[in-house]
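Remarks on the overall topology
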Amino acid sequence: MRLGSGTFAACCVAIQVLGFAIFLRGFFPAPVRSSSRGEHPAETPAPEPSSGASSNWTKLPPPLFSKVVLVLIDALRDDFVFGSKGVKFMPYTTYLVEKGASHSFVAEAKPPTVTMPRIKVDDNVTRHLETVLKRDDWDVLILHYLGLDHIGHLSGPHSPLVGHKLSEMDSVLMKIHLALLSKERASLLPSLLVLCGDHGMSETGSHGASSTEEVSTPLVLISSAFERSPGDVRRPRHVQQTDLAATLAIGLGLPIPQSSVGRLLFQVLEGRPMRDQLRFLHLNTVQLSRLLQENVPLYEKDPGFEQFKMSERLHGNWIKLYLEENSSEVLLNLGTKVLRQYLDALQTLSLSLSRQVAHYDTYSMAVGATLVLEVFALLLLSIPKALGPAAELDVPLLSPLFSLLFYLTLLGLWAVHVTVCTSTESSCYFCSVSWLVAGAAMVLLSALLCAIVSALTTMVGGTRRLRVGKSLAAYLWPWSELDVLIVMGTVGHVLSLGASSFIEEEHQTWYFLVSTLCLALCQDVCRKHFLGCSEEDEAPQGDQRERPRPREAGPALWDGAVRCAMLEGVGTHGAASAFEALGSAERQMVLASPWAVLCCCRLLRALNQTGVQGAHRPDLGHWLTSSDHKAALSALAAFSLLAVFLLVHRRCSPMSRVALALGLLGVYCYRAAIGNVMSPWQRGSKDVSKGIMEARFVYIFVLGILFAGTKDLLRSQVAATGAKVRTVGLWEIHSGLVLLAALLLRPHNLPVLVSSLLVQTLMANFIWKPLSHDAAEVTVMHYWFGQAFFYFQGNSNNIATVDISAGFVGLEQYVEGPAVFLTAFATYVGPVLWASHLVNYLSSQASSLPALRHACFCYALVGSVPVSAYVVLVTSLRYHLFIWSVFSPKLLYEGMRALITAAVCTFITTMDHATLART
């Protein structure tokens, strides 16, 4: 079967995304769970240990508290309560902590510190609070406040709004605490008020990674049962968030959740009789030991289990002495020893269970990684034909299915699958799928292997046909400096992924690559301008007669595997006449354009500090977003929106121009409505609104422009002037995406959008066309600039830099589909807009059919390189110290990039087929 190289690449990338998804499912382990969740452990609690004498305590102990109120403040950082902000803005809470009527902890969250977003304006939580507190028909009350998290995402932890929100939360806590104290007069048991946070907040106001600010949350337990002497202020101890579940269960007289890996906060039991303390600790260790037995095959050799058995024996001896009423001193000494033994056992058991979370599904990882690597190998071996003049490949579909290698491979894979799924002691995701799905995966793996062998055999045969006496250097001479830079830059970037520091600072890699690219283009421009030499003049004299002219290039140019790896396009190298035909003014623009792009990229680096090393440094973005410089931000936003219109509108239809202008005006109105920028019609902060109507106003024009572009694309299939109409339609789709980006990006990031459009314009008009770069080089440059602009807007390989506020633009409540799409688009604005411009640029060229196919294949190949390499790196580094804090977030980013690559290749292939159908 004969396929275009674009269609072949799109299919390969789709398979690679499937393999990467399977790898991710195996890499990220399932949490530790109990297999007996359907049973009712409350009816049969573990009896109290005994030795020689029977104990009469076989039921759950009575509760410690009558009522519990849990106040969860989203994104509450520990220093918001225990630091200077807590002293200033939360005086009542600080008074309770210092008075001694509480136990204070710093609860550490496990990365990634990500929670499901939703919109809840906090007044809806508080408005019914007073009525509920007066009723007696409840035992547990949970309040979840999200306002602080929204403030952090919008303006950071140092915003003036943070203080107002903390004061509001302090007043809520005071109201709840006073109400609970008044109820305790009629109750035999005290009440418990819990203040906690689900995660912290980074210095940029977001969360998701593993920095101290993001994982450290306050945990304050307030109750009259914790009264201590005045002045007995204890420094908050560090505990795990998972410890709260076991503590609340014991406090309410309920069984500990069977899948809980936390341990009881012993401070809650202070003041209780020794027998009660030992009984509560015994229940916790029994629960953890049972969970260990269900998840660890060799649990009997675990140190925590051995400590538990020792503690239980000592506890039984203590119970015997207690029932025999021995001297209190002996009981106290033995009880203290048992208590310490239980605490040590709890700590060891909790750590053992926590380590089980790092258990990898290696079988699923192997299946997914094999798919990814097979596709990458097939793409590499297909370079000669995919980038040839015809841009087509012969893909055998029937021969692999009837080959001996295919059946032997399929049989071997099935044997491995059956063996693993029937003998493994831990569950595997790939073993849980149906046999039909597993069989389809095995067939795909076998077919890809056969295709690789076939392509490799063809390449080896072509290499043998090289003429005798022809040296390797003779086949490498057409490589230009730019080709060498592209290959070396790609390899260097892949190698950098093996170090955690380079992953954290990957933006520096891309800044270096695009800067070096600009310098290489400067060198190329200067050589053509001052020396007046072309590509033919640079070649050795003896080789010129053997090199075919671009328009006469045939299969001889691609004969042999080495020469095929040159990533050459069709009829582009050696066309120096395009540069020589330029006028004096145009040549000056060509000379200045690489330097202008270089200066633009350097200025953008000062806009947003990202990564880890320089994230704390002040940048222009922080300066602009401060309340003191709102006028400067407003002027910059207005100028940027005007520049966007000037850079985009010329190639749009008249109706789309009007829609673009009104849409950009609506963007400014939206930012003014939510208070980001100033506007003449605002008369103070009272006019600040949600901006929902303004944002929806812009969405209407975005959809209108996209609809107009899609209509033109469809009309180009039947119109006589189809090429011109198609070009307009593609640009209108690009313009709609630009308008959507202008709406979703923060106001201080609008210069990033303007710079992206400006660089695209300069490169297209004064670099790629005059220098006659081929489709492969243009595609790689688009990919590089897309990656660089991803970091220019402040992104990193840290999940905390994802701006989730973009997912709520124009929404009154959280809607998962639109929120996910808007957040993803706002995050990947750079790569998406540069991919869209790639399609526009190549479609406008005369020979767009092979160029589009070459671009699709090159885009798939360049995107496949880091994905394939990173799968191998992460597998080998899965026990690295920073696997969860550095390597795992990067893995998610690579998965998203693979998905975007698949979408881009699909779109390019669709345009390719549309062009082919019209011709």
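Structural data are supplied above this passage.
Quick summary incoming for the structure in this document. Worth saying up front: this structure is predicted, and the values here are computed from it rather than measured. (Residues numbered from 1 in each chain as written. Predicted model: local features only at pLDDT ≥ 70, side-chain atom pairs only at ≥ 80, totals over all residues. Heavy atoms only, no water.)

1. Focus on the environment of Ala 819
Along the chain, the position of Ala 819 falls in helix 35 (residues 816-827). Taking the relative accessible area as the measure of exposure, Ala 819 reaches 4% and is therefore buried. For the pair Ala 819 and Ile 804, spaced 15 residues apart in sequence, the C-alpha separation works out to 8.3 Å. Among residues more than four places away in sequence, those in contact with Ala 819 are Gly 807, Leu 811 and Tyr 814. (Helix = DSSP H or I, 4+ residues; strand = E, 2+ residues; numbered from the N terminus. Buried < 20%, exposed > 50% of the residue type's maximum accessible area, 1.4 Å probe, protein only. Contact = heavy atoms within 4.5 Å.)

2. A word on the pairing of strand 5 (residues 192-196)
Two faces belong to every sheet, and in a regular strand the side chains alternate between them. The element strand 5 is largely enclosed, with a buried count of 5 among its 5 residues. Pairing between strand 2 (residues 68-73) and strand 5: 5 bridges, direction parallel. By the bridge assignment for strand 5, Leu 72 is matched with Cys 196. As defined by bridge partners, strand 5 adjoins strand 6 (residues 216-222) across 4 bridges and the pair is classed as antiparallel. When the bridges of strand 6 are listed, Val 194 appears paired with Leu 221. (Pairing = 2+ DSSP bridges.)

3. Remarks on the sheet that holds strand 7 (residues 237-240)
In space, the 6 strands of this open sheet follow the order 4-2-5-6-3-7, with mixed pairing throughout. Edge strands, defined here as strands with exactly one partner in the open sheet, are strand 4 (140-145) and strand 7. With direction set aside, neighbouring strand axes in the sheet form an average angle of 25°. Sitting on the sheet, helix 8 (residues 160-184) touches strand 2, strand 4, strand 5 and strand 6, and the angle it makes with strand 5 is about 165°. (Axes fitted to C-alpha atoms, helices over the stretch in contact; angles between N-to-C directions.)

4. Quick notes on helix 31 (residues 692-715)
With 24 residues, helix 31 extends 34 Å between its outermost C-alpha atoms, agreeing within 8% with the 34 Å of an ideal straight helix rising 1.5 Å per residue. Along helix 31, the residues that are buried comprise Ile 692, Ala 695, Val 698, Tyr 699, Phe 701, Val 702, Ile 705, Ala 708, Gly 709, Asp 712 and Leu 713. (Expected span 1.5 Å × (residues − 1).)

5. Some words on the state of the cysteines
Counted by the stated rule, this structure contains 1 disulfide. The side chain of Cys 421 participates in a disulfide bridge whose partner is Cys 431; the two sulfur atoms lie 2.1 Å from each other. Taking the sign of the torsion about the S-S bond as the criterion, the disulfide between Cys 421 and Cys 431, at about -85°, is left-handed. Of this pair, Cys 421 sits in helix 16 (residues 404-423) while Cys 431 sits in helix 17 (residues 429-432); the two residues are 10 residues apart in sequence, bridging distant segments of the chain. A residue is classified by how much of its surface remains accessible, and Cys 421, at 22% relative accessible area, is partly exposed. Accessibility expressed as a relative area gives 24% for Cys 431, which makes it partly exposed. Cys 11 takes part in no disulfide bond, and the closest cysteine sulfur, belonging to Cys 12, lies 7.0 Å away. The class of Cys 11 is partly exposed, set by a relative accessible area of 41%. Not part of a disulfide, Cys 526 finds its nearest cysteine sulfur in Cys 522, a span of 6.3 Å. (Disulfide = S-S within 2.5 Å.)

6. A closer look at the packing of aromatic side chains
This model, assessed by the stated rule, comprises 24 aromatic pairs. The interplanar angle of 15° and the centroid separation of 5.2 Å between the aromatic rings of Trp 318 and Tyr 322 together place this pair among those described as stacked. Here Trp 318 pairs with Tyr 322, and both are found in helix 12 (residues 303-323), just 4 residues apart, close to one helical turn. With a relative accessible area of 34%, Tyr 322 lands in the partly exposed category. Note on Phe 789 and Phe 792: the rings are 5.1 Å apart at their centroids and 80° apart in plane angle, and the pair reads as edge-to-face. A residue pair is termed a helical-turn pair when its members lie 3 or 4 positions apart in one helix, as Phe 789 and Phe 792 do in helix 34 (residues 775-792) at 3 residues. (Phe/Tyr/Trp six-rings, centres within 6.5 Å; stacked < 30°, edge-to-face > 60°.)

7. Topic: the nonpolar core
Judged by nonpolar contacts, the single largest core of 151 residues is most densely connected at Leu 739, Leu 744, Met 763, Trp 768, Trp 784, Phe 785 and Phe 857. Counting residues per element, this core draws most heavily on helix 34, which supplies 13 residues. Leave out the neighbours within four places in its chain, and Phe 857 touches Ser 5, Phe 8, Ala 9, Leu 379, Ser 382, Ile 383, Ala 386 and Leu 387. In this structure, Leu 70, Leu 248, Leu 265 and Leu 292 belong to the second largest nonpolar core, which totals 49 residues. (Core = buried A, V, L, I, M, F, W, Y, C linked by side-chain atoms within 4.5 Å.)

8. Observations regarding a nonpolar patch on the surface
A surface patch of nonpolar side chains, about 340 Å² in accessible area, is lined by Val 658, Leu 662, Leu 665 and Phe 697. The element that contributes the greatest number of residues to the nonpolar patch is helix 30 (residues 654-673), accounting for 3 residues. Along the chain, the position of Leu 665 falls in helix 30. (Patch = residues over 30% accessible without salt bridge, like charges linked within 9 Å, V, L, I, M, F, W, Y side chains within 5 Å. Areas by Shrake-Rupley, 256 points an atom, 1.4 Å probe, with all protein chains shown as cover. Salt bridge = Lys/Arg side-chain N within 4 Å of Asp/Glu carboxyl O.)

9. Notes on the side chain of His 315
Structurally, His 315 can be placed in helix 12. Once you skip the residues sitting within four places of it in the chain, His 315 turns out to touch Glu 48, Pro 49, Leu 278, Arg 279, His 282, Val 338 and Tyr 342.

Limitation: the analysis is restricted to geometry and does not speak to function.
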